[in-house]
Amino acid sequence: MSVRRIVVAVSGASGAPYAVRLLEFLSVHRDELELDVHLVFSKTGRLIWGDEVGTDPADYGFPVYKPGEMTAPFASGSARFDAMVIVPCSAGTVGRIATGVSTNLIGRAADVMLKERKKLLLVVREMPYSLVLLRAMTTVTEAGGLVLPASPSFYSAPADRTELLDTVTARVLDHLGFDNDLVTRWSGSLTSGGAIARNAPGAP
Ligand SMILES: Cc1cc2nc3c(=O)[nH]c(=O)nc-3n(C[C@H](O)[C@H](O)[C@H](O)COP(=O)(O)O)c2cc1C
């Protein structure tokens, strides 16, 4: 299997734990899948990671870049990265990608993915969506990107926060082409049987 070069970008939206679950998977499967993963933060993305996660992102053993490091390999199409996931992806980052304003490394790398016709996945987190954001998401989609909103699902009866996060992370991995069993997949029948209510604090 050929090496898969992936950029994981963390921008300034709530939802850094989604990035944690993705990085954990990529780290565990790094050798088996021959992965070459590079991690980049926006300024606010790093701030929110500190608040929501608190660990050192370098712990995964992947190279970590600052927002202004335009000499990073994936800032050029010639480095031939295969995919980029922006997780979580802020409205501001979507807007910059949609207008081609590549003033930071995340914007530039996303621009490279689009121009090289490579995979660009945006795990957008905002509530509600403004018309500006909706139009920006449309533009990025038309340009070849894929918006995977941070919208967790409940039909697999997630028992805890990690399982809830994984309802989103599994879809990201699906679109990267990585087999995973992070979630119970929809099989055509309702099986939760009120699990969420049963597991709620104070439930009889
Ligand atoms: C604690 C915190 C949480 C935020 N959450 C969101 C969010 O969920 N979605 C969003 O679009 N922006 C959010 N923002 C605002 C963005 O961080 C801000 O617009 C920033 O300029 C985005 O820049 P970046 O995309 O380069 O990180 C948040 C900011 C802070 C400080």
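Quick notes on the rules
- Along each chain, the written sequence defines residue order, and numbers are assigned to residues from 1.
- Only residues with pLDDT of 70 or above have their local features reported here, since the model is predicted, and side-chain atom pairs are shown and tallied only from 80 upward, although totals for entire chains, interfaces and linings are computed over all residues.
- Numbering of helices and strands starts at the N terminus; helices are DSSP runs of H or I of at least 4 residues and strands are runs of E of at least 2.
- It is over C-alpha atoms that the radius of gyration is taken, and the globule rule equals 2.2 Å times the number of residues to the power 0.38.
- Labels follow a simple rule on C-beta atoms placed from the backbone: if 20 or more others lie within 10 Å of a residue's own, it is buried; if 12 or fewer, it is exposed; otherwise it is partly exposed.
- The term nonpolar core refers to a group of buried residues, namely Ala, Val, Leu, Ile, Met, Phe, Trp, Tyr and Cys, whose C-beta atoms join them within 7 Å.
- C-beta atoms are first placed from the backbone for all residues, and any pair lying within 7 Å is then listed as a contact.
- Two strands are said to pair when DSSP picks up at least two bridges between them.
- By definition, a residue lies near a molecule or strand when the C-beta atom built from its backbone is within 6 Å of it.
- The span one expects for a helix is its residue count, reduced by one, times 1.5 Å.
- The arc in question is the one spanned by the directions pointing from the helix axis to the C-beta atoms.

Looking at the overall build of the protein chain
Summing up its helical and strand segments, the protein chain has 7 helices and 6 strands in all. Counting helices and strands in the order they occur from the N terminus, the protein chain gives β-α-β-α-β-β-α-α-β-α-β-α-α. For the protein chain, whose C-alpha radius of gyration is 17 Å, the value lies close to the compact-globule estimate of 17 Å for 204 residues. Once the C-alpha set of the protein chain is aligned to its principal axes, its extents read approximately 55 × 45 × 35 Å. For the protein chain, with 204 residues in total, the buried portion stands at 38%.

Things to note about the nonpolar core
Soluble globular proteins: nonpolar side chains tend toward being buried together. Counting 56 residues, the largest nonpolar core has Val 87, Ala 109 and Val 123 as the members making the most contacts within it. Ranked by the residues each element gives to this core, the list is headed by helix 1 (residues 16-28), at 8 residues. Once you skip the residues sitting within four places of it in the chain, Val 123 turns out to touch Tyr 18, Val 85, Ile 86, Val 87, Pro 88, Cys 89, Leu 148, Ala 150, Val 168 and Val 172.

Some details on the sheet that holds strand 2 (residues 35-41)
Overall, parallel pairing links the 6 strands, which are arranged 3-2-1-4-5-6 in an open sheet. Looking at strand neighbours, the two that pair on one side only are strand 3 (64-65) and strand 6 (146-147), the edges of this open sheet. The sheet contact formed by strand 1 (residues 4-10) and strand 2 spans 7 bridges and is parallel. Across the sheet, Arg 4 pairs through a bridge with Leu 35, a residue of strand 2.

Comments concerning the pairing of strand 2
With 5 of 7 residues buried, strand 2 lies mostly within the body of the structure. Note: strand 2 against strand 3, 2 bridges, orientation parallel. Looking across to strand 3, one finds that Leu 39 is bridged to Val 64.

Things to note about the pairing of strand 4 (residues 83-89)
Of all the 7 residues making up strand 4, 6 are buried; the element is thus mostly covered by neighbouring parts of the structure. Summarising the sheet, strand 1 and strand 4 pair through 4 bridges and their orientation is parallel. Looking across to strand 4, one finds that Val 8 is bridged to Val 85.

Describing the site of the ligand
Neighbouring the ligand are 14 residues; Gly 12, Ala 13, Ser 42, Ala 91 and Gly 92 lie closest to it. For the shell around the ligand, the elements supplying multiple residues, two or more each, are helix 2 (43-52) and helix 3 (91-99).

Quick notes on helix 5 (residues 131-142)
When the terminal C-alpha atoms of helix 5 are compared, their 16 Å separation across 12 residues agrees well with the 16 Å that a helix rising 1.5 Å per residue should span. Listed as buried for helix 5 are Ala 136, Met 137 and Val 140. Considered in projection along helix 5, the buried side chains sweep an arc of 100 degrees and stay on one side of the axis. Pointing more than 90 degrees away from the buried face of helix 5 are the exposed residues Leu 131, Leu 134, Thr 138 and Glu 142. Here the buried face of helix 5 lies against helix 3, strand 5 (119-124) and strand 6. Gly 144 sits one or two residues past helix 5 and shows a positive phi near 115 degrees.

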